[in-house]
Amino acid sequence: MNKYDYLIVGSGLFGAIFANRAKQKGKKCLVIDKRPHLGGNVYCEKIEGINVHKYGAHIFHTSNKEVWDFVNSIVPFNRYTNSPIANYKGELYNLPFNMNTFYQMWGVTTPEEAKAKIEEQKAEAAKRLNGREPQNLEEQALVLIGKDIFKKLIKEYTEKQWGRKCTELPAFIIKRLPVRMVFDNNYFNDKYQGIPIGGYNKLIEGLLEGVDCLTDTDFFNSEYRDWQKYANKLVYCGPLDQYFDYKYGKLNWRTVRFETETKDCPNYQGNAVVNYTSREEPYTRIIEHKHFEMFGQEVYDCPKTVISKEYSSEYKDGMEPYYPVNDEQNNFLAEQYRKLAEQESDVIFGGRLAEYKYYDMAPVIEKVLNLKMI
Ligand SMILES: Cc1cc2nc3c(=O)[nH]c(=O)nc-3n(C[C@H](O)[C@H](O)[C@H](O)COP(=O)(O)OP(=O)(O)OC[C@H]3O[C@@H](n4cnc5c(N)ncnc54)[C@H](O)[C@@H]3O)c2cc1C
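Enquirer: Describe in detail the site of the ligand, supporting the description with residues and values.
Expert: The environment of the ligand is made up of 31 residues, and the closest members are D33, H58, R352, Y359 and M361. Within the contact set of the ligand, an oxygen atom lies 2.6 Å away from a side-chain nitrogen or oxygen of D33. In the environment of the ligand, an oxygen atom lies 2.6 Å from a nitrogen or oxygen atom belonging to the side chain of H58. For the ligand, the accessible surface in isolation is 990 Å², of which the surrounding protein chains cover 96%. Secondary structure elements with two or more residues in the shell around the ligand: α1 (13-24) and α11 (361-369). Here the residues of the shell around the ligand sort into 17 nonpolar, eight polar and six charged.

Enquirer: Any chance you could break down the packing of helix α2 (residues 65-74) against α11 for me, citing the residues and the numbers?
Expert: Relative to each other, α2 and α11 sit at 95°, their axes nearing to 10 Å. For the element pair α2 / α11, the angle class is roughly perpendicular. Residues E66, V67, F70 and V71 of α2 pack against A362, I365, E366 and L369 of α11. Class assignment of the residues belonging to the contact of α2 with α11 gives a composition of six nonpolar, no polar and two charged.

Enquirer: Quick rundown of the environment of A362? Include the residues and the values.
Expert: Residue position: A362 is located in helix α11. You can call A362 buried: its relative accessible area is 5%. A C-alpha to C-alpha distance of 30 Å links A362 and T262, two positions 100 residues apart in sequence. When near neighbours in sequence (up to four residues on either side) are disregarded, A362 contacts F60, H61, T62 and V67.

Enquirer: So, the environment of E45: which residues are in play, and what are the values?
Expert: Checked against the element boundaries, E45 lands in strand β3 (residues 44-47). Among the residues examined, E45 registers a relative accessible area of 31% and is labelled partly exposed. A sequence separation of 129 residues divides E45 from I174, and the C-alpha atoms of the two residues are 34 Å apart. Non-local contacts of E45, meaning those with residues more than four positions away in its chain, are made with I50, N51, V52 and K54.

Enquirer: Explain the pairing of β3 to me, and be specific about the residues and the numbers.
Expert: When β3 meets strand β4 (residues 50-53), the two strands line up antiparallel, connected through four bridges. Paired with K46 across the two strands is N51, which belongs to β4.

Enquirer: Help me get a handle on the sheet that holds strand β1 (residues 4-9), residues and values and all.
Expert: Strands sit in the order β9-β2-β1-β10-β16 across an open sheet of five strands; the sheet is parallel. The sheet is open, and its two borders are formed by β9 (212-214) and β16 (347-349), each paired with just one other strand. With strand direction ignored, the average angle separating the axes of adjacent strands in the sheet is 20°. Looking at chain direction, β1 and strand β2 (residues 29-32) are connected through four bridges and run parallel. Along β2, the bridge assignment pairs V9 with I32. Lying on the sheet, α1 is in contact with β1, β2, β10 (231-236) and β16; it crosses β1 at an angle near 165°.

Enquirer: Account for the side chain of H58, naming residues and giving values.
Expert: Along the chain, the position of H58 falls in the loop between β4 and β5 (60-62). Contacts of H58, omitting those with residues within four sequence positions, involve N41, V42, H53, I195, Y200 and M361.

Enquirer: Any chance you could break down the pairing of β1 for me, citing the residues and the numbers?
Expert: By the criterion of burial, β1 is predominantly enclosed, with five of the six residues buried. As defined by bridge partners, β1 adjoins β10 across five bridges and the pair is classed as parallel. Considered in β10, the bridge of Y6 is made with K233. Chirality of the crossover, the property in question, places the unit of β1, α1 and β2 among those that are right-handed.

Enquirer: Describe in detail the packing of aromatic side chains, supporting the description with residues and values.
Expert: Applying the stated criterion to the full structure yields 25 aromatic pairs. Ring centres of F219 and Y236 lie 5.9 Å apart, and the angle between their planes is 55°; on these two criteria the pair is classed as tilted. Here F219, found in the loop between β9 and β10, pairs with Y236, found in strand β10; they are 17 residues apart in sequence, far enough to count as distant. Here the two residues F219 and Y236 agree in accessibility, since each one is buried. Note on F244 and Y337: the rings are 6.1 Å apart at their centroids and 15° apart in plane angle, and the pair reads as stacked. Of this pair, F244 sits in the loop between α8 (240-243) and β11 (253-263) while Y337 sits in helix α10 (residues 328-343); the two residues are 93 residues apart in sequence, bridging distant segments of the chain. Y337 carries the same exposure label as F244, and that label is buried. An aromatic cluster of at least three residues, connected via ring pairs, comprises F219, F220, Y236, Y243, F244, Y248, Y337 and F349. If you follow K54 out to its NZ or CZ, it ends over the ring of Y55, 6.0 Å from the centre.

Enquirer: Account for the pattern of salt bridges, naming residues and giving values.
Expert: In total, this model carries 21 salt bridges according to the counting rule given. Residue E124 pairs with K147 through a salt bridge whose shortest N-O separation is 3.3 Å. Taken together, the residues E124 in helix α4 (residues 111-129) and K147 in helix α6 (residues 147-162) connect sequence positions 23 residues apart. Here K147 falls in the partly exposed class, since its relative accessible area comes to 39%. K155 is the partner of E159 in a salt bridge, and the nearest nitrogen-oxygen pair spans 3.3 Å. A residue pair is termed a helical-turn pair when its members lie 3 or 4 positions apart in one helix, as E159 and K155 do in helix α6 at four residues. Counted as one network, the salt bridges with shared partners bring together E138, K155, E159 and R279.

So, how was this worked out
Residues numbered from 1 in each chain as written. Predicted model: local features only at pLDDT ≥ 70, side-chain atom pairs only at ≥ 80, totals over all residues. Heavy atoms only, no water. Near = heavy atom within 4 Å. Polar contact = N/O pair within 3.5 Å; in protein donor to acceptor, adjacent residues only side chain to side chain. Areas by Shrake-Rupley, 256 points an atom, 1.4 Å probe, with all protein chains shown as cover. Helix = DSSP H or I, 4+ residues; strand = E, 2+ residues; numbered from the N terminus. Nonpolar A, V, L, I, M, F, W, Y, C, P; charged D, E, K, R; others polar. Axes fitted to C-alpha atoms, helices over the stretch in contact; angles between N-to-C directions. Parallel < 35°, antiparallel > 145°, perpendicular 65-115°, else oblique. Contact = heavy atoms within 4.5 Å. Buried < 20%, exposed > 50% of the residue type's maximum accessible area, 1.4 Å probe, protein only. Pairing = 2+ DSSP bridges. Right-handed = clockwise from strand over helix to strand, strands pointing away. Phe/Tyr/Trp six-rings, centres within 6.5 Å; stacked < 30°, edge-to-face > 60°. Lys NZ or Arg CZ within 6 Å of the ring centre and 35° of its normal. Salt bridge = Lys/Arg side-chain N within 4 Å of Asp/Glu carboxyl O.

Encoded structure:
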């Protein structure tokens, strides 16, 4: 049997882009994934004709033209612009913090008035500290933005996200709280953003066209564990600690639980993303998936809608690992594993699980496009 050039474990963006680039260079790849589908976390499930982001809402954004041109060469992207809404006990605010938010919060109509209000509240918080450094996230946020925005848009939302009180969270989590003194609800500062037309599965299908792929195939419980029999090199996108059989212990993660429901109406909340910033609701956000890809009348042409409530949760074995916990202990452990990884010749560790690093989609793509060894 002729060996593959690469066995790629994981068909998420890292694995799929790697396979695509390798194929362009005449290399033969086999991609395996333990899930019943390809695409990793960008995979979408079709429900009622709507692409439902099964592993959490994914909005593509970048300022890197090479990355943008590359993904658009596989599938064109639409003009979706992320402009989330915050719901605090029924009061609605635009995000990110901008002139619309300040108008909704205080009735101020000019940047001058908004600045004055924020400065007044920041000064109050600084006075209370009486010259000492902020000791926790609550004190830090209060000196950065003042009490009103903190109370309605940050405090309880952050507590739901982390499962801890803001007074018990370290100050360094919030380094800056940018405000925009213009009426601009576009969440991202990047030059380009959007969603692949037809959904993310089209992007993955395009990337993996002509590449051998196997789903429902777990690297650790299949013949591919002896990968040298099948390929000259291994590209590993699974969890870093698992590759080394957890020899130093397990890396910790935060996860998100999704409750997805089909609603018998065409338009449930009028926006793709609504953040629930009060503790009254146990979930952090509701995503209404159709708004990523349907605009104007199209929303009503599709009579039903699908929403997902997101609950931020502590990670336990068997759950989906989503966000690395970058505290001292986990950073130290990850570093130990990375040292082991460096010694594995012929193995490339790549992507969010294998690097134990939070990556947005565009930086993952950029990283693979810049890999010299393919
Ligand atoms: C909730 C959430 C929301 C996000 N939203 C955004 C967003 O809006 N915008 C943005 O730019 N980025 C977003 N991201 C980041 C984005 O998901 C990542 O950049 C992207 O998924 C990274 O791709 P990857 O290939 O590294 O990992 P993944 O997509 O996770 O792929 C890894 C693959 O490896 C497979 N695998 C693992 N172990 C094995 C094994 N033993 N055998 C076989 N296969 C295995 C997994 O099944 C998976 O398919 C979000 C991430 C999360 C968690």
